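Here's the letter readout for the chains.
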Amino acid sequence: MVFQGASALSLDAKGRMAVPARHRDALQALCSGQLTITKHPDGCLMVFPRPAWETFRDKVASLPMSASGWKRVFLGNAMDVEVDSAARVLVSPELRAAAGITKDVMLLGMGSHFELWDAERHAAHEAEVMAQPMPAALQDFTF
């Protein structure tokens, strides 16, 4: 199962985000609507279907002690959530604050998981990336 594409969404007053219709059936089939949300080093949040989270969590947990700070970032901030009967997911106040999320967000499909960005922060980050030279890994990539 591969998640892709961008969705412009708004959080409600309680911090809930509607799961885009195009992802609902896949998330239900893949993980019965069980997700895990945690911090991303770029200042957004990662939203994992539970099976993808378990794979990621196991990789992070096996890192050496020299990476204990990153273990805390990823594992210590992880929150298990479920898609409710109205197809919404609650993003905790702690995680919203960490990612600077208030109301308008961008949900990006990143293959096995999603990134959840504050809309303004995402636009600034994308503009910054586009202003940089293309990395060597992409220079010989054909479109």
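Residues numbered from 1 in each chain as written. Predicted model: local features only at pLDDT ≥ 70, side-chain atom pairs only at ≥ 80, totals over all residues. Heavy atoms only, no water.

Tell me about the side chain of lysine 71, and name the residues and values.
In this fold, lysine 71 is placed in helix α3 (residues 68–74). At 3.3 Å, the side chain of lysine 71 and the backbone oxygen of alanine 61 are in polar contact. Discounting residues that sit within four places of it in the chain, lysine 71 has contacts with Val60, Ala61, Leu63, Pro64 and Gly76. (Helix = DSSP H or I, 4+ residues; strand = E, 2+ residues; numbered from the N terminus. Polar contact = N/O pair within 3.5 Å; in protein donor to acceptor, adjacent residues only side chain to side chain. Contact = heavy atoms within 4.5 Å.)

Tell me what's going on with the packing of aromatic side chains, and back it up with residues and numbers.
One pass over the full model with this rule turns up six aromatic pairs. Among the aromatic residues, those joined into a ring-pair cluster are Phe48, Trp53, Phe56, Trp70 and Phe74. (Phe/Tyr/Trp six-rings, centres within 6.5 Å; stacked < 30°, edge-to-face > 60°.)

Give a description of the sheet that holds strand β4 (residues 45–49) that names residues and reports values.
Ordered by their spatial adjacency, six strands build an open sheet running β1-β7-β8-β4-β3-β5, and the pairing between neighbours is antiparallel. Every interior strand has two partners, whereas the edge strands, β1 (3–10) and β5 (79–82), have only one. On average, adjacent strands in this sheet sit at an angle of 25 degrees to one another, irrespective of strand direction. Packing of helix α2 (residues 50–61) onto the sheet brings it into contact with β3 (34–39), β4 and β5, and relative to β4 it is tilted by some 115 degrees. This element, helix α5 (residues 119–131), spans β7 (104–111) and β8 (114–118) of the sheet and lies at about 105 degrees to β8. (Pairing = 2+ DSSP bridges. Axes fitted to C-alpha atoms, helices over the stretch in contact; angles between N-to-C directions.)

So what's going on with the environment of aspartate 80? Which residues, and what values?
Along the chain, the position of aspartate 80 falls in strand β5. Taking relative accessible area as the criterion, aspartate 80 reaches 56% and is therefore assigned exposed. Separated by 43 residues in the primary sequence, aspartate 80 and alanine 123 place their C-alpha atoms 27 Å from one another. If near-sequence neighbours (up to four positions away) are discounted, aspartate 80 is found in contact with Leu35, Thr36 and Arg50. (Buried < 20%, exposed > 50% of the residue type's maximum accessible area, 1.4 Å probe, protein only.)

Please set out α2 residue by residue, giving values where relevant.
When the terminal C-alpha atoms of α2 are compared, their 16 Å separation across twelve residues agrees well with the 16 Å that a helix rising 1.5 Å per residue should span. Here α2 has its buried residues at Arg50, Ala52, Trp53 and Val60. End-on view of α2: buried residues confined to an arc of 150 degrees, all on one side of the axis. Buried-residue contacts for α2 involve α1 (21–31), β3, β4, α3 and β5. (Expected span 1.5 Å × (residues − 1). Arc of directions from axis to C-beta.)

Give a description of α5 that names residues and reports values.
Taking 1.5 Å per residue, 13 residues should reach 18 Å; α5 reaches 18 Å between its end C-alpha atoms and fits that length. Of the residues flanking the start of α5, the one acting as N-cap is aspartate 118, its side-chain oxygen 3.2 Å from the backbone nitrogen of glutamate 120.

Give me unusual backbone geometry: which residues, what numbers.
Here serine 32, not a glycine, exhibits a phi torsion of approximately 55 degrees, which is positive. Among the structural elements, serine 32 can be located in the loop between α1 and β3.

Give a description of the nonpolar core that names residues and reports values.
Nonpolar side chains tend toward joint burial in soluble globular proteins. Counting residues in hydrophobic clusters, the biggest one holds 22 residues, and the most contacted among them are Ile37, Leu45 and Leu116. Of all elements in the fold, only β1, α1, β3, β4, β7 and β8 reach the threshold of two or more residues within this core. Setting aside chain neighbours within four positions, we find leucine 116 in contact with Met17, Cys44, Leu45, Val47, Val91, Ile101, Val105, Met106 and Leu107. (Core = buried A, V, L, I, M, F, W, Y, C linked by side-chain atoms within 4.5 Å.)

Mind laying out the environment of serine 32, listing which residues take part and the relevant values?
The class of serine 32 is partly exposed, set by a relative accessible area of 48%. Sequence separation of serine 32 and arginine 50 is 18 residues, and the distance between their C-alpha atoms is 8.9 Å.

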